Amino acid sequence: DDQNRLHADKGPAILFADGVGVYKWHGVNMAKEVMEKPEKITSAMIAKETNAEVRRAMMTMYGLEKYLRESDSTCLTTEQMPDGTRAMLYEMKMREGVERFALVENGTPNPDGTPKWYVLPALPTHQTAKEVVASSYRIDLNDYSPVVRT
């Protein structure tokens with residue numbers, strides 16, 4: 001991928017002559033079954049996954065918005081950011097307990113015009129998605145007010 005991690009969208013990232021494959025998604029070790037048929041991922045499979053990194057990868061492969069609609073998550077806030085993009089703060093019951101994260105629209109759309117979405121981890125003390133975004137830049141919430149992001 002763009003960070004030089006082993007990656008394949010589907011199938012093995014490396015396939016050896018003897019047929020053994022190495023299954024990676026942006027550097028994360030993945031099960032062969034998931035990588036051979038990512039279209040077979042279900043929200044139940046994601047919820048059962050014990051490894052947080054694999055679970056995050058599966059959520060992204062499945063589709064974040066789709067997963068959020070089907071899972072036991074609660075949207076705590078929906079906000080319009082200063083640059084016009086959207087961001088939502090979610091709380092979700094996970095194996096490890098309750099987790100918060102922000103679903104944030106990137107300022108630059110995909111080539112087909114659809115929005116790019118990213119998930120940012122949130123602290124239990126974060127009250128808004130804007131606060132999560134500001135902290136990801138290590139900026140105090142009161143000082144975070146970009147008009148344009150590049």
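Residues numbered from 1 in each chain as written. Predicted model: local features only at pLDDT ≥ 70, side-chain atom pairs only at ≥ 80, totals over all residues. Heavy atoms only, no water.

Enquirer: What is the right way to look at the overall build of the protein in this model?
Expert: Summing up its helical and strand segments, the protein has five helices and eight strands in all. Starting at the N terminus and ending at the C terminus, the protein contains elements arranged as β-β-β-β-α-α-α-α-β-β-β-β-α. Along the first, second and third principal axes, the C-alpha set of the protein runs to 55 × 35 × 25 Å. Buried positions account for 33% of the 150 residues belonging to the protein. (Helix = DSSP H or I, 4+ residues; strand = E, 2+ residues; numbered from the N terminus. Buried < 20%, exposed > 50% of the residue type's maximum accessible area, 1.4 Å probe, protein only.)

Enquirer: Can you walk me through the packing of aromatic side chains in this structure?
Expert: The description of two aromatic rings rests on the distance between their centres and on the angle between their planes. Applying the stated criterion across every chain yields a total of three aromatic pairs. When the centroid spacing of 5.9 Å and the interplanar angle of 15° are considered together, the rings of Y90 and F101 count as stacked. Taken together, the residues span a long stretch of sequence, with Y90 in strand β6 (residues 86-94) and F101 in strand β7 (residues 97-105) at a distance of 11 residues. Side by side, Y90 and F101 carry an identical accessibility label, which is buried. An angle of 20° between the planes, with centres 6.0 Å apart, marks the rings of Y137 and Y144 as stacked. (Phe/Tyr/Trp six-rings, centres within 6.5 Å; stacked < 30°, edge-to-face > 60°.)

Enquirer: What should I look at first to understand the pattern of salt bridges in this one?
Expert: For side chains of opposite charge, pairing can occur when their charged atoms come near one another. Evaluated as defined, the whole model comprises six salt bridges. Between K93 and D72 there is a salt bridge whose closest N-O contact spans 3.8 Å. Here the residue K93 occupies a position in strand β6, and D72 occupies one in the loop between α4 (64-70) and β5 (73-80), the gap between them amounting to 21 residues. Among the salt bridges present, the one from R86 reaches E105, with a minimum N-O distance of 2.9 Å. Here the residue R86 occupies a position in strand β6, and E105 occupies one in strand β7, the gap between them amounting to 19 residues. A relative accessible area of 14% places E105 in the buried class. (Salt bridge = Lys/Arg side-chain N within 4 Å of Asp/Glu carboxyl O.)

Enquirer: Could you clarify how one ought to interpret unusual backbone geometry in this entry?
Expert: Glycine aside, the phi torsion of most residues is negative, and most peptide linkages are trans. We note that N4 has phi near 60°; this positive angle belongs to a residue other than glycine. Following the sequence through the fold, N4 ends up in the segment before β1 (14-15). Given the relative accessible area of 75%, N4 is considered exposed. Positive phi values are uncommon outside glycine, yet H26 reaches one of about 50°.

Enquirer: What is the right way to look at the sheet that holds β6 in this model?
Expert: Sheets are built from strands paired through backbone hydrogen bonds, the pairs being either parallel or antiparallel. Read across the open sheet, the four strands follow the order β5-β6-β7-β8; overall the sheet is antiparallel. Taken across any chain shown, the strands that pair with only one partner, and hence form the sheet edges, are β5 and β8 (117-122). Mean inter-strand twist for the sheet, computed between neighbouring axes without regard to direction, equals 25°. Two elements, β6 and β7, share eight bridges in a ladder whose sense is antiparallel. Bridge pairing in β7 places M94 opposite G97. Strands β5, β6, β7 and β8 of the sheet are contacted by helix α5 (residues 129-136), whose axis makes an angle of about 85° with β8. (Pairing = 2+ DSSP bridges. Axes fitted to C-alpha atoms, helices over the stretch in contact; angles between N-to-C directions. Contact = heavy atoms within 4.5 Å.)

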